[in-house]
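# Residue-level structure breakdown
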Amino acid sequence: MRTTPDNSTPGAAPRAAAPASIGFAATMLFAVACGALAANLYYAQPLVALIGDSMGLSVSAESTIFTAAQLGYVIGLVFLVPLGDIVENRGLIVATMALNVVALAGLAFAQGLTALFAMLLIVGLTSTAAQVIVPLAASLAPAARRGTVVGNVMTGLITGIMLARPVSSFLADYVGWRGVFGLSAAVVAAVLVAGLFIIPRREPGGQHKYHALIGSLGKLMVEQPVLRRRSLYQAAMFSSFSIFWTAAPIILLRQGYSSSQVALFALAGVAGVFAAPIAGRLADRNYIRPGTILSIGLGVLCFVLAWFGENTFWMLVLAGIVIDLGVQGNMVLSQREIFQLDEAIRSRLNSAYMTTFFIGGAIGSALTSPVLERFGWTGICLLGGLVPLAALAWFAIAERR
């Protein structure tokens, strides 16, 4: 992998480095790093009942454990990821990953609810290093292969998300929930060391002051209709995703399944990894519209299956596969679209996009426990299915041919 030479003249204005050709080693590292970082957000999702019980949290507030990590991620997306347009990318990624390791270790040893939620927020915030890596990969890729390269890197990110739930459920039976986060700290540290040798330097050409950089995010949402629409489609999908994957493990645990059995259920979501490379290739062939309709439609189908399958393990497994395929497919299609808008501001475009849909996910997970307690599984299925149905209706109106 060729790195960018640092031959800038002292006092000269920074300029964007010429794109390097992204090689196999860098692509693999980017994929693994994104997976390891994204997984941090999801280790807690099937463990909220265990963590809440051990920390004295009420049942109706258990889902806020997952929400805290998501809110931290949103904060990082708004205030950290845009720095990728003005700060040397490798240094930003390495520094953020180092803080992530420290926060994960702190979470493993957290005592009391204040420490727990503080560490969850910081883990979420620093896990956004993955969202600096994705636009870096897009910048290094040739235009004709950008969808494929982003799809391959996203495959790693998605694999991390999908494996996080079964891995944490399985390990919790042996090392406890604290051990899960301790092991994650070790994994991210190992990837960080490899990244010191493989991640290329990239000096972006942005000249913005930090406050102007952050302030420009809202302006982008107003001025870029493609960004706005794609962000809201994915916000709807991710809200449903969070509702399903927060509620389903709670239901299974209440039905008497063990954490290891819930891990087998969560393993079904790994099927979603196959959507990313397929969606990337569809995007490169300009099949954006049919791919989007299919992806959002799968979000609706998930909750139809889930409603019929409340007490049927394999029906819930199928519903989990369906929602993950839909969410991951729509994510890659959307990122391909927004990365085409303006090469110079890809980090901010990605920040605005990811912030919007993670807010959707945080709202979904925050609503899950109270809706489940008050309206039961039927309420969960109605809420989860109506959100992507509304997105599909808006797509049909906003993007009519």
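As a reminder, the structure under discussion sits directly above these lines.
Definitions and cut-offs
- Residues numbered from 1 in each chain as written.
- Predicted model: local features only at pLDDT ≥ 70, side-chain atom pairs only at ≥ 80, totals over all residues.
- Heavy atoms only, no water.
- Patch = residues over 30% accessible without salt bridge, like charges linked within 9 Å, V, L, I, M, F, W, Y side chains within 5 Å.
- Areas by Shrake-Rupley, 256 points an atom, 1.4 Å probe, with all protein chains shown as cover.
- Salt bridge = Lys/Arg side-chain N within 4 Å of Asp/Glu carboxyl O.
- Helix = DSSP H or I, 4+ residues; strand = E, 2+ residues; numbered from the N terminus.
- Buried < 20%, exposed > 50% of the residue type's maximum accessible area, 1.4 Å probe, protein only.
- Phe/Tyr/Trp six-rings, centres within 6.5 Å; stacked < 30°, edge-to-face > 60°.
- Lys NZ or Arg CZ within 6 Å of the ring centre and 35° of its normal.
- Core = buried A, V, L, I, M, F, W, Y, C linked by side-chain atoms within 4.5 Å.
- Contact = heavy atoms within 4.5 Å.
- Axes fitted to C-alpha atoms, helices over the stretch in contact; angles between N-to-C directions.
- Parallel < 35°, antiparallel > 145°, perpendicular 65-115°, else oblique.
- Nonpolar A, V, L, I, M, F, W, Y, C, P; charged D, E, K, R; others polar.
- Expected span 1.5 Å × (residues − 1).
- Left-handed = near helix turned anticlockwise from the far one by under 90°.

On the surface, a cluster of nonpolar side chains totalling about 500 Å² of accessible area is made up of Leu71, Ile75, Phe79, Leu121, Ile122 and Tyr210. Per element, the largest residue contribution to the nonpolar patch is three residues, and it comes from helix H3 (residues 64-79). Take Ile75: it is sitting in helix H3. The exposure class assigned to Ile75 is partly exposed, which follows from its relative accessible area of 37%.

Right, let's talk about the packing of aromatic side chains for a bit. Evaluation of the coordinates by the stated rule reveals 21 aromatic pairs. Summarising the aromatic geometry, the rings of Tyr42 and Phe66 are spaced 5.7 Å apart at their centres and angled 50° between planes, so their arrangement reads as tilted. Of the two residues, Tyr42 sits in the loop between helix H1 (24-39) and helix H2 (48-55) while Phe66 sits in helix H3, which places them 24 residues apart along the sequence. Accessibility assignment for this pair places Tyr42 and Phe66 in one class, buried. The structure contains a cluster of three or more aromatic residues connected by ring pairs, namely Tyr42, Phe66, Tyr73, Phe238, Phe241, Tyr353, Phe357 and Phe358. A cation over an aromatic ring shows up here: Arg165 above the ring of Trp245, its NZ or CZ 3.8 Å from the ring centre.

Turning our eyes to something else, we now look at the nonpolar core. In terms of nonpolar packing, the biggest core is built from 127 residues, with Phe244, Phe358 and Trp377 touching the most fellow members. Considering every element that reaches this core, the biggest residue donor is helix H7 (residues 146-198), with 17 residues. Residues contacting Trp377, with those up to four places away along its chain left out, are Ala247, Ala248, Ile251, Ala306, Trp307, Glu310, Leu316 and Leu372.

Their axes nearest at 5 Å, the elements helix H8 (residues 210-223) and helix H9 (residues 225-254) cross at an angle of 95°. With respect to their mutual orientation, H8 and H9 come out roughly perpendicular. Residues Leu220, Met221, Val222 and Glu223 of H8 form the contact with H9, whose own contacting residues are Pro225, Leu227, Arg228 and Ser231. Of the residues assigned to the contact of H8 with H9, the class counts are five nonpolar, one polar and two charged.

Another point: the environment of Gln328. Note on placement: Gln328 falls in helix H13 (residues 313-339). In this structure, the C-alpha to C-alpha distance between Gln328 and Leu157, residues 171 residues apart in sequence, is 10.0 Å.

In this section: H13. With 27 residues, H13 should cover 39 Å at 1.5 Å per step; its first-to-last C-alpha distance of 39 Å lies within 8% of that length. Among the 27 residues that make up H13, 21 are buried, leaving the element largely enclosed by the rest of the structure.

Another aspect to go through is the pattern of salt bridges. Across all of its chains, the model carries seven salt bridges by this definition. One salt bridge connects Arg201 with Glu88, and the closest N-O pair in it is separated by 3.7 Å. Residue Arg201 is found in the loop between H7 and H8, and its partner Glu88 is found in the loop between H3 and helix H4 (89-108); the two are separated by 113 residues along the sequence. According to the relative accessible area criterion, Arg201 is partly exposed, its value standing at 22%.

Attention shifts here to the packing of H13 against helix H14 (residues 346-398). Where H13 meets H14, the closest approach of the two axes is 10 Å, and the angle between their N-to-C directions is 155°. As far as their axial angle goes, H14 and H13 are roughly antiparallel. In this structure, H13 meets H14 at a crossing whose hand is right-handed. Contacts from Leu316, Asn330, Met331, Ser334, Gln335, Ile338 and Phe339 in H13 reach Arg346, Leu349, Asn350, Tyr353, Met354, Phe357 and Trp377 in H14.

Along the polypeptide, Ile251 turns up in helix H9. Taking the C-alpha atoms as reference points, Ile251 and Gly56, 195 residues apart in sequence, are found 20 Å from one another. Residues contacting Ile251, with those up to four places away along its chain left out, are Glu310, Leu372 and Trp377.

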